[in-house]
Amino acid sequence: QVQLVESGGGLVQAGGSLRLSCAASGRTFNTYAMGWFRQAPGKEREFVAIISWRGGNTLYQDSVKGRFTISRDNAKNTVYLQMNSLKPEDTAVYYCAADSSFRSVVAGSGDYWGQGTQVTVSS
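Okay, so let's go over this structure. Only a predicted model underlies this, so the values are computations on that prediction, with no experimental measurement involved.

1. Focus on the overall build of the chain
Then step 1. Assigned secondary structure in the chain consists of one helix and eleven strands.
Then step 2. Its helices and strands taken in sequence order, the chain reads β-β-β-β-β-β-β-β-β-α-β-β from the N to the C terminus.
Then step 3. Taken over C-alpha atoms, the radius of gyration comes to 13 Å for the chain, in line with the 14 Å a tight globule of 123 residues would show.
Then step 4. Principal-axis analysis of the C-alpha atoms places the extent of the chain at approximately 40 × 30 × 25 Å.
Then step 5. Across the 123 residues in the chain, those meeting the buried criterion constitute 42%.
Then step 6. Considering only contacts in the chain between residues 6 or more positions apart, those separated by 24 or more positions represent 57%.
Then step 7. Working note: accessible area of the chain is about 6,400 Å², and carbon and sulfur atoms make up 45% of it.
Then step 8. Once the 12 positive and 9 negative side-chain charges of the chain are each reduced to a mean point, those two points are 6 Å apart.

2. Topic: the state of the cysteines
Note on terminology: a disulfide is the covalent bond linking the sulfur atoms of two cysteines.
Then step 1. Taken as a whole, this structure holds one disulfide when the rule is applied.
Then step 2. One disulfide in the model links Cys 22 with Cys 96; its S-S distance is 2.1 Å. Linking Cys 22 and Cys 96, the disulfide has an S-S dihedral of approximately 55° and is accordingly described as right-handed. Placement of the pair is Cys 22 in strand S3 (residues 18–24) and Cys 96 in strand S9 (residues 92–99), with a sequence separation of 74 residues.

3. What to know about the environment of Ala 49
Then step 1. Structurally, Ala 49 is set in strand S5 (residues 46–51).
Then step 2. For Ala 49, a relative accessible area of 0% translates into the label buried.
Then step 3. Distance from Ala 49 to Ala 107, taken between C-alpha atoms, is 11 Å for residues 58 residues apart in sequence.
Then step 4. Filtering out sequence-adjacent residues up to four positions away, Ala 49 remains in contact with Met 34, Gly 35, Trp 36, Leu 59, Tyr 60, Ile 70 and Leu 81.

4. Thoughts on the side chain of Thr 117
Then step 1. On the secondary structure map, Thr 117 appears in strand S11 (residues 117–122).
Then step 2. Of the polar contacts made by the side chain of Thr 117, one reaches the backbone nitrogen of Gly 9; its length is 3.2 Å.
Then step 3. Every residue in contact with Thr 117, bar those within four places of it in the chain, is listed here: Glu 6, Ser 7, Gly 8, Gly 9, Leu 20, Ala 92, Val 93 and Tyr 94.

5. Quick word on the pairing of strand S7 (residues 68–73)
Moving residue by residue along a regular strand, the side chains alternate between the two faces of the sheet.
Then step 1. Side chains Phe 68, Ile 70 and Arg 72 of S7 all project onto a buried face; the interleaved residues Thr 69, Ser 71 and Asp 73 project onto a face where none is buried.
Then step 2. Inspection of the sheet shows S7 paired to strand S8 (residues 78–83) by six bridges, in the antiparallel sense. Its bridge partner lying in S8, Arg 72 is registered against Val 79.
Then step 3. Hairpin connection from S7 to S8: four residues lie between these consecutive antiparallel strands, with Asn 77 at a positive phi of about 55°.

6. Notes on the side chain of Asp 99
Then step 1. Note on placement: Asp 99 falls in strand S9.
Then step 2. At 11 Å, Arg 45 is the nearest oppositely charged side chain to Asp 99, a buried residue that forms no salt bridge.
Then step 3. Those residues in contact with Asp 99, other than ones at most four positions away along the chain, are Tyr 32, Ala 33, Ser 104, Val 105, Ser 109, Gly 110 and Asp 111.

Parameters at a glance
- Residues numbered from 1 in each chain as written.
- Predicted model: local features only at pLDDT ≥ 70, side-chain atom pairs only at ≥ 80, totals over all residues.
- Heavy atoms only, no water.
- Helix = DSSP H or I, 4+ residues; strand = E, 2+ residues; numbered from the N terminus.
- Rg over C-alpha atoms; globule rule 2.2 N^0.38 Å.
- Buried < 20%, exposed > 50% of the residue type's maximum accessible area, 1.4 Å probe, protein only.
- Contact = heavy atoms within 4.5 Å.
- Areas by Shrake-Rupley, 256 points an atom, 1.4 Å probe, with all protein chains shown as cover.
- Lys, Arg positive; Asp, Glu negative; His and termini not counted.
- Charge placed at Lys NZ, Arg CZ, Asp CG, Glu CD.
- Disulfide = S-S within 2.5 Å.
- Polar contact = N/O pair within 3.5 Å; in protein donor to acceptor, adjacent residues only side chain to side chain.
- Pairing = 2+ DSSP bridges.
- Salt bridge = Lys/Arg side-chain N within 4 Å of Asp/Glu carboxyl O.

The quantities given are spatial measurements derived from coordinates; they are silent on function.
Here it is in structure tokens:
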């Protein structure tokens, strides 16, 4: 079983930055694609970004391109989401997800999910 724990959320002003972390357990971490999703109150969960297990392939939602960067450090079993130029519409609970299938993670059907971390951007 793989367990994921997010951290790094908080309250920031528009234009500020945050770096989210997702710590994963298990030896299989290095072979799992890892993604980030977010869900605002009353709205559907939406895909944010994904990185392949070797880190060579990434994909971003259009609204965060150029502002967010996903990366991973397999030696630390951790995936990061660097968020710059934050906007109020980025406010949401952010979740990390993992699966051996890159496409499953993108589709929101990954086998493993973290508990979420709150990001609030004030205007």
